[in-house]
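Analysis of the macromolecular model
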Amino acid sequence: MRTYFDGVELDAIFHSIRDMPIVLVATPNYEERSIGFSQWFLHTCHSQKIDPAKIFAQFLWPQGTSSRVDLLEKLKISQIDKLSEQLQYCAWTRSVFSYPDDFNERQVIDLIHEATNKFSDEPFSLIIDISCMPRRVIVSVCDAVVEKIRCVDKAVRPLVFFVYASPKKYAAMRYAQNIGNVKGYFSGRPIHNCPSDHVTALIFASLQGYEGKVLYDEVRSRIRSSVTTFVAVSGADYQTSLATMRANQFLMEQRDIDVSYYFSLMDGMEKLAKRIEAEGLVGGGSGLSRMVLVAPFGPKVFTLGAYFMLSNLRSVNDSIQTEIAHVSGFQYLSLYSLGLSHFNVFKLCVEI
Amino acid sequence: MHFGNVELDAAFIDAEDIVAKLHFLDQMERRWPYNPAKGVSLSERVACSLTQLPPELQQFALAVFTNVIYLPDTLLRESWSYLASKIARDLGITVCNLFEQSHLLEVDPSGLIPTFLHENKVHGRLDTDHFSRLQSIDELANNLRLIGLSDKQEEGSVHGIRLAFSRPFWLLLSDNVLSGTSVASDLSRCDRLINAYSKLGTPKIIPVTQVLTSSAESSVLSSWTTTFALRFDKQFQVLPGNEDCSLFSRRDTLDGAIRLCDWFASQDWFSKDDRLTATLQKSGDNMAYGYKRGGWTIVTPNCPTNSLPILWYEREGVYKAPFPRIMSRTSQMKGHGEELTEDAISLAPRVLKKLGVVD
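As the structure is a prediction and not an experimental result, all values here were calculated from the model.

Cut-off values and rules
The residue numbering used here restarts from 1 in each chain and proceeds along that chain's sequence as written. Starting at A for chains and at 1 for ligands, labels are handed out in the order in which the entities are written. Where local features are concerned, this predicted model is filtered to residues with pLDDT of at least 70; where side-chain atom pairs are given and counted, the filter is 80 or more; whole-chain, interface and lining totals use all residues. Only hydrogens and water are set aside when side-chain values are computed; all heavy atoms of the structure are taken into account. Strands here mean DSSP runs of E at least two residues long; helices mean DSSP runs of H or I at least four residues long; both are numbered from the N terminus. Contact between two residues is taken to exist if any of their heavy atoms lie within 4.5 Å; hydrogens are not considered. In this description, accessible areas are obtained by the Shrake-Rupley approach with a 1.4 Å probe, and a residue is regarded as covered only by the protein chains that are shown. Positive charges come from Lys and Arg, negative ones from Asp and Glu, while His and the chain ends are left out of the count. Charge coordinates come from a single atom per side chain, which is NZ of Lys, CZ of Arg, CG of Asp or CD of Glu. A cavity here means a set of 1 Å grid points, computed over protein atoms only, where a 1.4 Å probe fits but cannot escape. A pocket is an open set with protein on both sides within 12 Å along at least 5 of 7 lines, and lining residues have an atom within 4 Å of a point. Grid points are joined across faces, edges and corners, and a volume is the space filled by probe spheres set on the points. When residue character is reported, Ala, Val, Leu, Ile, Met, Phe, Trp, Tyr, Cys and Pro are called nonpolar, Asp, Glu, Lys and Arg charged, and the others, Gly included, polar. One fewer than the residue count of a helix, multiplied by 1.5 Å, yields its expected span. Summary of the burial criterion: residues with accessible area below 20% of their type's maximum are buried, those above 50% are exposed, and those between are partly exposed, where the area comes from a 1.4 Å probe applied to protein chains only. Side-chain rings of Phe, Tyr and Trp, where Trp is taken by its six-membered ring, are said to pair if the distance between their centres is within 6.5 Å; with planes under 30 degrees apart they count as stacked, over 60 as edge-to-face, and otherwise as tilted. Charge-over-ring contacts are defined here by two conditions on Lys NZ or Arg CZ: a distance within 6 Å of the ring centre and an angle within 35 degrees of the ring normal. In this description, a disulfide is simply a cysteine sulfur pair whose atoms lie within 2.5 Å. Here, strands pair whenever DSSP counts at least two bridges between them. Here the axes come from fitting lines to C-alpha atoms, over the contacting stretch only for helices, and the angles between their N-to-C directions go from 0 to 180 degrees. Should an angle lie under 35 degrees it is considered roughly parallel, over 145 roughly antiparallel, and from 65 to 115 roughly perpendicular; all remaining angles are considered oblique. For a crossing to be left-handed, the near helix must be turned anticlockwise from the far one by less than a right angle; the clockwise case is right-handed. Here, nonpolar core refers to any group of buried Ala, Val, Leu, Ile, Met, Phe, Trp, Tyr and Cys residues whose side-chain atoms link them within 4.5 Å.

Right, let's talk about the overall build of chain A for a bit. Summing up its helical and strand segments, chain A has eleven helices and 15 strands in all. Across its three principal axes, chain A shows a C-alpha extent of roughly 60 × 45 × 40 Å. Expressed as a percentage of contacts within chain A between residues at least 6 apart in sequence, the contacts between residues at least 24 apart total 85%. Summed over its atoms, the accessible surface of chain A is roughly 14400 Å², and 49% of this surface lies on carbon and sulfur atoms. Treating the 36 positive side-chain charges of chain A as one cloud and the 37 negative ones as another, the clouds have centres 3 Å apart.

Set out below in structure tokens:
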């Protein structure tokens, strides 16, 4: 079973990168956790006397027009202002791109290449904080990482870390806006347009729950389907787990849905890897076209897991169509999360 | 508004979100039944329990019942693979290596070891060359003691002892660590045995549990690093003056729940129940909030005594709780664990000599 990631301790980043140049990518927004890692990391670089010339920080700055909320924009700017002290110690840039309207994934890929090209003739470490990165952007960032790894010589391949900051708590959810279709990130099409007869859906339950229900209804319309729901049971925050379970009660009630509990992000990754690997071993012969679909509606790290595990599944069994599902056009009119609890660091371990 | 014969206050039901919570638990239990309830639905059991309580306390009982933390066997089983991965990661080894390098022990013999191995897909559970059969501290101490007392070589015991001490890690498994007293006692005995028999090996003891409470962690287990899957803190405790309790929306619901628990413990059929004499004595109080004032609403496949008695207590014709418990201890008979350990420690020089470790 391969998760393509090693869960590593925070301090292990510094142990691994030693004297390498560092590219830090983050997406500050109105949530406190969005700058937490950048603050800690740049502060630690300074206290460990890492040469500032070897550090470059790139802040991806999604900028919407139609769905812009001025109050949240103001909070977003004040978050990056809080980083001003740490930003004295390194070169940095703020890279604006259109999101969610007029989103162009190539724009994000090019921005990542622009940042990483600064250290193209030596091995470097690429640290990507996905805590507040929209899932769709995470997929583009993964595309950029894969392109980068493929195009450089093995000797200078970057060491890639993904960071996810868990919040202290989630804000009271307000009102769902613009709930759209279930779409696939890989194809960019609504899932109901995907022609597969047999769909295996692996759903990570979300805090609000409705996405899973929408997807379940869609998947059940196929000739054959199997659905697994992964439900977080957090050792440290059972109240949030309970809220998630209650929000996803519909999925948990369905006898044709297999429910699997995970106790940490890495445990969720391992359980997802087991299911995807098992799909790769299923032979053809039924005459039905198959699709394996991961719906990472829960924590964002599962978008990373889904991306790399599904890519591998395609490479071992090209008759299987794969997708990462998302519900398009959804916006919160709330802060979404409050405070910062702890950082989860995942080192990418993949031969591409 | 009625529920069985119980009169309900709509404003209270709304404030405490009773309908949604009860429906959720009902559905959870339909899918993953609470076996000791023998197929009766949760709603029916709750309605039945309520009718046996004084009318003025019924709504508080309903609030308690609907705030149960229901941990079915399926959920707990999945925690074993997480726990093995977590320990292996913390030790910097693979899960496979963890099982090759560990001796497994369990606190109260209840079949945790086979489940732990099964859930982690470890083959050869019964191979005595891989897994020592000395799977509790009592067995370990008793076998050391027997080697010391016997004139002949007990081959099975010697092999089991050598195998256990050859492993660098001893995983002490437990399902629930709520008050933590049993685990703390086993850990202390384990530690003393290893000190006395350090010439055989000095394994590192790792307490492992599916469910841990923050109170146990910060008191009796404070000197140990316990690996756990789920940890519950004061938010989930129904105790007098617990400002951190987040189970209820209204403060007066907690006060009402406290009155209910106090009333329950004051009833003769509870306080004078012979089956509880030993447990009450060990608890050191009237157990209004459960064993050792747990105050928990946690329900595992056999509701623990540390949870509120109104959740698990059952007495024919008087009260039947929604989550009846099958008692694991009913007599005052104490185990001989401490004596066995002391005997094994005092016999250590002789045993080590017999094993050829010292001259």
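Looking at the secondary structure, you find B:D175 in strand 5 (residues 169-177). Sequence separation between B:D175 and B:S110 is 65 residues, and the spatial gap between their C-alpha atoms is 9.1 Å.

For the structure on display, the rule yields three cavities of 30 Å³ or more. Its volume calculated, the largest cavity comes out at about 50 Å³. Surrounding the largest cavity, A:Y238, A:L242, A:M245, A:R246, B:F24, B:L25, B:M28, B:V68 and B:Y70 form its lining. Every element with two or more residues in the lining of the largest cavity is listed here: helix 8 (238-247) of chain A together with helix 2 (18-31) of chain B. It is helix 8 of chain A that contributes the most residues to the lining of the largest cavity, four residues altogether. Along the lines of polarity and charge, the residues of the lining of the largest cavity split into eight nonpolar, no polar and one charged.

The end-to-end C-alpha separation of helix 10 (residues 181-196) of chain B is 23 Å, in line with the 22 Å expected for 16 residues at 1.5 Å each. All of the buried residues along helix 10 of chain B are B:V183, B:A184, B:D186, B:L187, B:R189, B:C190, B:L193 and B:I194.

What follows is about the packing of aromatic side chains. Considering all chains together, one arrives at 41 aromatic pairs over all chains under this definition. Here A:F97 and A:F103 contribute two aromatic rings whose centre-to-centre distance is 6.3 Å and whose plane-to-plane angle is 65°, an arrangement assigned as edge-to-face. Considered together, A:F97 and A:F103 belong to a single accessibility category, that of buried residues. Here the aromatic rings of B:W263 and B:W269 are separated by 6.2 Å at their centres, their planes lie at 70°, and the arrangement is edge-to-face. In this structure B:W263 comes out as partly exposed when scored by relative accessible area, which is 23%. One aromatic cluster in this structure is built from B:W263, B:F264, B:W269, B:F270, B:W312, B:Y313 and B:Y319. For A:K118, the ring lying beneath its charged end belongs to A:F56, and the centroid distance is 4.6 Å. Just above the ring of B:F323 sits the side chain of B:R45; from NZ or CZ to the centre is 5.3 Å.

Another aspect to go through is unusual backbone geometry. With omega at 0°, the peptide bond leading from A:Y99 into A:P100 counts as cis. Relative to the helices and strands, A:P100 is located in the loop between strand 4 (91-98) and helix 5 (105-116). Located in the positive-phi region is A:D102, a residue other than glycine, with phi close to 55°. One can find A:D102 in the loop between strand 4 and helix 5. You can call A:D102 exposed: its relative accessible area is 64%. We note that B:R293 has phi near 55°; this positive angle belongs to a residue other than glycine. Position of B:R293 relative to the elements: it lies in the loop between helix 14 (277-283) and strand 8 (298-299). Owing to a relative accessible area of 41%, B:R293 belongs among the partly exposed residues under this scheme.

Below, the discussion takes up the state of the cysteines. All names here are of chain A. This model, assessed by the stated rule, comprises zero disulfides over all chains. C142 takes part in no disulfide bond, and the closest cysteine sulfur to it belongs to C349, at a distance of 14 Å. Take C349: its relative accessible area is 29%, and that puts it in the partly exposed class.

With that settled, consider the side chain of A:T27. All names here are of chain A. Within the fold, T27 resides in the loop between strand 2 (22-26) and helix 2 (33-47). You can call T27 buried: its relative accessible area is 3%. Not counting chain neighbours up to four residues away, the residues in contact with T27 comprise S34, L60, P62, D129, C132, M133 and P134.

This brings us to the sheet that holds strand 15 (residues 342-348) of chain A. Residue and element names in this part refer to chain A. Across the sheet, seven strands lie side by side as 1-15-6-5-2-3-4; this open sheet has mixed pairing. Because the sheet does not close on itself, it has two edges, and the strands there are strand 1 (5-8) and strand 4. Taken pair by pair, the neighbouring strands of this sheet meet at an average axis angle of 20°, ignoring direction. As judged from the four bridges shared by strand 1 and strand 15, these two strands associate in the antiparallel manner. When the bridges of strand 15 are listed, F5 appears paired with L348.

Residue and element names in this part refer to chain B. Strand order in the open sheet made by the four strands is 4-5-6-7, with parallel pairing throughout. Single-partner strands in this sheet number two, and they are strand 4 (102-106) and strand 7 (227-232). Neighbour to neighbour, the strand axes of the sheet diverge by 25° on average, direction disregarded. Summarising the sheet, strand 5 and strand 6 (residues 204-213) pair through eight bridges and their orientation is parallel. Bridging from a neighbouring strand, W170 pairs with I205 of strand 6. Against the sheet, helix 10 makes contact with strand 4, strand 5 and strand 6, and its axis sits at roughly 170° relative to strand 5, the strand it touches most.

All names here are of chain A. One can describe the packing of helix 6 (residues 135-151) onto helix 11 (residues 301-316) by two numbers: an axis separation of 10 Å at closest approach and a directional angle of 45°. Classed by the angle they form, the pair helix 6 and helix 11 counts as oblique. Helix 6 and helix 11 meet at a crossing whose hand is right-handed. Of the residues in helix 11, those in contact with R135, I138, V139, C142, D143 and V146 of helix 6 are T303, L304, Y307 and F308. A per-class count over the contact of helix 6 with helix 11 returns seven nonpolar, one polar and two charged.

A few words now on the nonpolar core. Of all hydrophobic cores here, the largest spans 99 residues; its most connected members are A:Y238, A:Y261, B:L71, B:L171 and B:F232. With eight residues, helix 5 (residues 73-91) of chain B is the largest single contributor of residues to this core. Excluding residues within four positions of it along the chain, A:Y238 makes contact with A:V233, A:M245, B:I69, B:Y70, B:L71, B:L230, B:F232 and B:F236.

Nothing here speaks to function; it is geometry throughout.
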